Amino acid sequence: IPASPPGFKSGFIGIIGRPNVGKSTLMNHLVGQKIAITSPVAQTTRNRLRGILTTPEAQLIFVDTPGIHKPHHPLGEVLVKNAEIAIRAVDVVLLVVDSSVAAGGGDRYIVELLSQTTHPVILGLNKLDQQSETAPTLDRSYAELIAGAPWPMVKFSALTGAGLETLQTLLIDHLDPGPYYYPPDLVTDQPERFIMGELIREQILLLTREEVPHSVAVTLDRVEEDTTITRVLATIHIERTSQKGILIGKGGSMLKAIGSAAREQMQKLIAGKVYLELFVKVQPKWRQSRLRLAEFGYRV
Ligand code: GDP
Ligand code: K
Ligand code: MG
């Protein structure tokens, strides 16, 4: 890692908020690469992921987190605990909300969690592109939500990129002088292997019915790099035999669709050809088992 130039700033920025407000979409847009998978399903993000943006004046290390909500089972507890750890371990907290709807109880719960933090907090109003004539009322509900707190508010769209330059400048303003924590050309701390598994899970989230996504885990059994192609063998773990039918589909059509969409995403990631083979395995109640959670790569 090179020495940073004089006056260089750096630091860790925790992206936190309710599920589905656009945290992962935002991180991907800011670093310019798809590191975290995104979908309309809550709990898409299960791990703390770092996305790194290096500019001539600063290195911003974003920590994407699972959405914060009241947990109902061990997986949920692990996710929320990880988000809370992220709040403590960063230099700046970027609280993201969905400004196309009014502030609600879920946002209030997080603001309460944040009331004890000593770090600077920035309130990011996302989904600007979805706001209509009700915008002033919605914005007011967020101003009231944080009333009394000296937190700057900034509006943007993680999807279109509108307002993200202003956000970036504001974030750099809040960082202290510091070194390069990562090589300037690195965009994530996650191994390619992990992202590949996530790209499979993303297609399952996007393509299957509501009841399947939450109970899916993906493991990569083998990755073999050849000179011309990368061969990937992966297993999709589900909790119930009944989900197997949905996942495989009529004549294997669903598994085929998942595989070909995931393969395309993987090819973009590694900029090379990928051969992907998927297996499905029933792993009863894996979400209840801390042993399995650990085995599937979650920090428990
Ligand atoms: P997370 O759970 O907070 O990480 O949210 P995701 O990044 O997974 O996004 C949840 C959903 O919101 C996805 O369908 C995104 O495409 C969508 N989304 C995220 N940001 C925006 C935005 O700025 N505008 C619109 N219209 N949709 C967005
Ligand atoms: K999501
Ligand atoms: Mg996410």
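Once a new chain begins, its residue numbering starts again from 1 and follows that chain's sequence as written. Here chains are named by letter from A upward and ligands by number from 1 upward, in the order in which they appear as written. Reporting in this predicted model follows two pLDDT cut-offs: at least 70 for local features of residues, and 80 or more for side-chain atom pairs to be given and counted; totals over whole chains, interfaces and linings ignore these cut-offs and use all residues. As a rule here, side-chain values come from all non-hydrogen atoms in the structure, and water together with hydrogens is ignored.

## Some thoughts on the overall build of the protein
So, point 1. Under the scheme used here, helices are H or I runs from DSSP no shorter than 4 residues and strands are E runs no shorter than 2 residues, and both carry numbers assigned from the N terminus. Check the secondary structure of the protein and you find nine helices and 10 strands.
So, point 2. Every radius of gyration here is taken over C-alpha atoms, with the globule rule written as 2.2 Å times N^0.38, N being the number of residues. Taking 300 residues into account, the globule formula puts the C-alpha radius of gyration at 19 Å, and the protein, at 20 Å, falls close to it.
So, point 3. Projected onto the principal axes, the alpha-carbon positions of the protein cover approximately 55 × 45 × 40 Å.
So, point 4. Burial classes: relative accessible area under 20% of the type maximum marks a residue as buried, over 50% as exposed, and values in between as partly exposed (1.4 Å probe, protein chains only). Across the 300 residues that make up the protein, the buried fraction comes to 52%.
So, point 5. Contact between two residues is taken to exist if any of their heavy atoms lie within 4.5 Å; hydrogens are not considered. Taking contacts inside the protein between residues at least 6 apart in sequence as the whole, the part at least 24 apart equals 72%.
So, point 6. Total accessible area on the protein stands at roughly 14,000 Å², and carbon and sulfur atoms take up 52% of it.
So, point 7. When charges are counted, Lys and Arg contribute as positive and Asp and Glu as negative, whereas His and the chain ends are disregarded. Where a charge lies is defined by one atom per residue type, namely NZ (Lys), CZ (Arg), CG (Asp) and CD (Glu). Taking the 32 positively charged and 30 negatively charged side chains of the protein as two groups, their mean positions are separated by 8 Å. Shrake-Rupley sampling with a 1.4 Å probe provides the accessible areas, and residues are treated as covered by the protein chains on show and by no other component.

## Overview of the layout of surface pockets
Empty space left among the atoms is revealed by rolling a probe the size of a water molecule over them.
So, point 1. Its boundaries defined by the atoms lining it, the largest pocket holds a volume of some 410 Å³.
So, point 2. Top contributing element to the lining of the largest pocket by residue count: helix 1 (residues 23–31), with three residues.
So, point 3. Within the lining of the largest pocket, the residues separate by chemical class into nine nonpolar, 14 polar and three charged.
So, point 4. Here a cavity denotes grid points, spaced 1 Å and computed from the protein atoms alone, that fit a 1.4 Å probe unable to get out, and a pocket denotes an open set having protein on both sides within 12 Å along at least 5 of 7 lines; residues with an atom within 4 Å of a point are the lining. Grid points are joined across faces, edges and corners, and a volume is the space filled by probe spheres set on the points. Within this model, the second largest pocket holds a volume of roughly 240 Å³.
So, point 5. Residue lining of the second largest pocket: 14 residues in total, with Phe194, Gly197, Val218, Thr219 and Phe296 positioned closest to the centre.
So, point 6. Going through the elements one at a time, helix 6 (192–207) and strand 8 (217–225) are the ones with two or more residues in the lining of the second largest pocket.
So, point 7. Ranked by the residues each element gives to the lining of the second largest pocket, the list is headed by helix 6, at five residues.
So, point 8. Classifying every residue of the lining of the second largest pocket gives six nonpolar, four polar and four charged. Each residue gets one of three labels, nonpolar for Ala, Val, Leu, Ile, Met, Phe, Trp, Tyr, Cys and Pro, charged for Asp, Glu, Lys and Arg, and polar for the others, Gly among them.

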